[in-house]
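The lines below spell out each chain.
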Amino acid sequence: MNKTVANADEAIKDISDNAVLMLGGFGLCGIPENSIAALVKKGVKGLTCISNNAGVDDFGIGLMLKTRQVKKMISSYVGENAEFERQLLSGELEVELIPQGTLATRCLAAGYGMPAIFTPAGVGTEVAEGKETRKFMVEGVEKEFLMEMAFDADFALVKAWKGDTHGNLVFHETARNFNPMMAMAGKVTIAEVEELVPAGELDPDHIHTPGIYVHRIFKGERYEKRIEQRTVRTKQ
Amino acid sequence: MLDKTGIAKRIAKEIKDGYYVNLGIGIPTLVANYIPQGMNVVLQSENGLLGMGPFPFEGEEDPDLINAGKQTITTVPGSAFFDSAMSFGMIRSRKVDLTILGAMEVADNGDIANWKIPGKMVKGMGGAMDLVASAKNIIVAMQHVNKANESKLLIKCSLPLTGVGCVKKIVTELAVLDVTPQGFRLLERAPGISVEQIKNATEGRLVIEGDIPEMKIE
């Protein structure tokens, strides 16, 4: 059951051009920094990236946008990235914007083995165009729902705080975000962690993602953990 | 006329003891500063936190601890972290009592537009569509008119919709209004603002019944 690989290059070595990837993280919080760096180094192109955000110009998925490795982004919010906006407006980059809860739940559905979900998000908006709808009774009132399909991703790249050699993962604070459900959803899931321990060292009660969902795990070489909006208060 | 702080202060009066509240980016974020002392309110941040606290002291910022606006924050005693699917699970299953968010336009049937200006703004809806589709109670903090003095409280939204028939209450720099089957019902005037001024600034159907009191804000 040893899922350990030496490093990020080893972990992503079979990701090839035109792969569909899921990347965990919210903004720059909890993103698979080392896997992204390895993808940039490898130079694979034509990637479809399912990720809540698209990074900033010089960090996160923004690094892969700069090198034109991304063909399509599926995200809920893509502000704070000038290069992204330029590629989108020039037609170089394809973008599908979907509600954040829909994004999370389509990952969840994949990990739970369910082909589709029904959600009220986007009913009556352009998100609903061309989609099947169905009415259900909710709290005594008939309400319309959109059918949204589970994602089908070749690889999920996630970042956890701690992991063990069996691939069990523990996340930290709001760096958890999309990582657990993406870990469950990838055909091949690659987890990078800040601390990698032998199986048996993590308390089984504290594991967020069981190792069955994780195919490869490695300790990230370094974590910059950049802060996007540094907001502070002053001591009185 | 109210400034942003005034709008936030007025909205804070809608929060009740024991509420779980989701605050959007912008004016709604300011509401947290005016929740009355001693009231038990838990703030939900849709990136995976219940019990959002104030900004950290300088030097104590934690890159793993941010809010939905990607700002560094803190937790409070009793906080809990969870993943994004659960976060929208609690929103969809209506466990969150109140959602406060901004808008570019609202229609008199409760439609809201706040995520896209075709050809101009391509940032995405984030969690807004999920929030407005499911929230038990939605209060919108917005400007009554745009810079060209055109009403943003409309008969029909001109921008792409975020959600249909979902807004319950609106607080603007001029007024507090409820959304009813008859249209916007005027509840309160901002200090120094007349009913006539509100009428002129509102394109959508406006219901005015009896004397409209001036709002009380400390």
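Use the structure listed above.
Residues numbered from 1 in each chain as written. Chains lettered and ligands numbered in written order. Predicted model: local features only at pLDDT ≥ 70, side-chain atom pairs only at ≥ 80, totals over all residues. Heavy atoms only, no water.

1. Observations concerning empty space enclosed by the protein
The gaps of empty space that remain are located by a probe, the size of a water molecule, rolled over the atoms. Selection rule: Buried and open spaces are told apart on a 1 Å grid over the protein atoms alone, a cavity being a set of points where a 1.4 Å probe fits but cannot get out and a pocket being an open set with protein on both sides within 12 Å along at least five of seven lines. Residues with an atom within 4 Å of a point are the lining residues. Grid points are joined across faces, edges and corners, and a volume is the space filled by probe spheres set on the points. All residues other than Ala, Val, Leu, Ile, Met, Phe, Trp, Tyr, Cys, Pro, Asp, Glu, Lys and Arg, Gly among them, are scored as polar; the first ten of these are nonpolar and the last four charged.
Using the criterion set out here, one finds four cavities of 30 Å³ or more in the structure. Estimates place the volume of the largest cavity at around 70 Å³. Of the voids in this model, the second largest cavity is the one considered here, and its volume is about 60 Å³. Surrounding the second largest cavity, A:Leu28, A:Cys29, A:Gly30, A:Ile31, A:Glu33, A:Lys159, A:Lys225, A:Arg226, B:Pro63 and B:Asp64 form its lining. Here the lining of the second largest cavity is composed, by residue class, of four nonpolar, one polar and five charged.

2. Side note on the nonpolar core
Quick reminder of the rule: Side-chain atoms within 4.5 Å are what join buried Ala, Val, Leu, Ile, Met, Phe, Trp, Tyr and Cys residues into a set we call a nonpolar core. Accessibility here uses a 1.4 Å probe with only protein chains present; expressed as a share of the type maximum, an area under 20% marks a residue as buried, one over 50% as exposed, and anything in between as partly exposed.
Formed by 50 residues in total, the largest nonpolar core has its most connected members in B:Ile15, B:Val21, B:Ile100, B:Val106, B:Ile112, B:Val140 and B:Ile170. Listed in part, the 29 residues of the second largest apolar core include A:Phe26, A:Cys29, A:Phe171 and A:Ala185.

3. Topic: the interface of chain A and chain B
This is how the line gets drawn: Should any heavy atoms of two residues lie within 4.5 Å, those residues are considered in contact. Defined in terms of a 1.4 Å probe, buried area is the accessible area two parts forfeit on being brought together, summed over both. Whenever Lys or Arg places a side-chain nitrogen within 4 Å of a carboxyl oxygen from Asp or Glu, that contact is recorded as a salt bridge. What qualifies as a polar contact is a pair of N or O atoms within 3.5 Å, subject to a donor-acceptor requirement within protein and to the restriction that residues adjacent in sequence count only when both atoms come from side chains. Secondary structure elements are taken from DSSP: a helix is a run of H or I of four residues or more, a strand is a run of E of two residues or more, and numbering for both begins at the N terminus.
Contacts between the two partners involve 50 residues from chain A and, on the opposite side, 48 residues from chain B. Carbon and sulfur atoms make up 59% of the area that chain A and chain B hide from each other, which totals about 4,300 Å². Interface area lost by chain A to chain B is led by A:Glu173, A:Thr174 and A:Arg233, which between them contribute 16%. Counting across the interface, chain A meets chain B through five salt bridges. Taking the shortest distance from any N to any O, the salt bridge between B:Arg94 and A:Glu139 comes out at 3.3 Å. Taken together, chain A and chain B are joined by 25 residue pairs in polar contact (both at pLDDT 80 or more). At the level of secondary structure, the elements contributing two or more residues to the side of chain A that touches chain B comprise α4 (82–89), α5 (100–112) and α6 (179–185) of chain A. Looking at the side of chain A that touches chain B, the element that brings in the most residues is α5(A), giving six residues.

4. Digging into the sheet that holds strand β9 (residues 153–154) of chain B
Residues and elements named next belong to chain B. Quick note on the threshold: Strands are labelled as partners when DSSP assigns at least two bridges between them.
Spatially, the three strands line up as an open sheet ordered β7-β6-β9, and their pairing is mixed. Only two strands of the sheet have a single partner each, and these edge strands are β7 (112–113) and β9. In this structure, strand β6 (residues 105–107) lies alongside β7, joined through two bridges in antiparallel fashion. Bridged to Val106 within β7 is Ile112.

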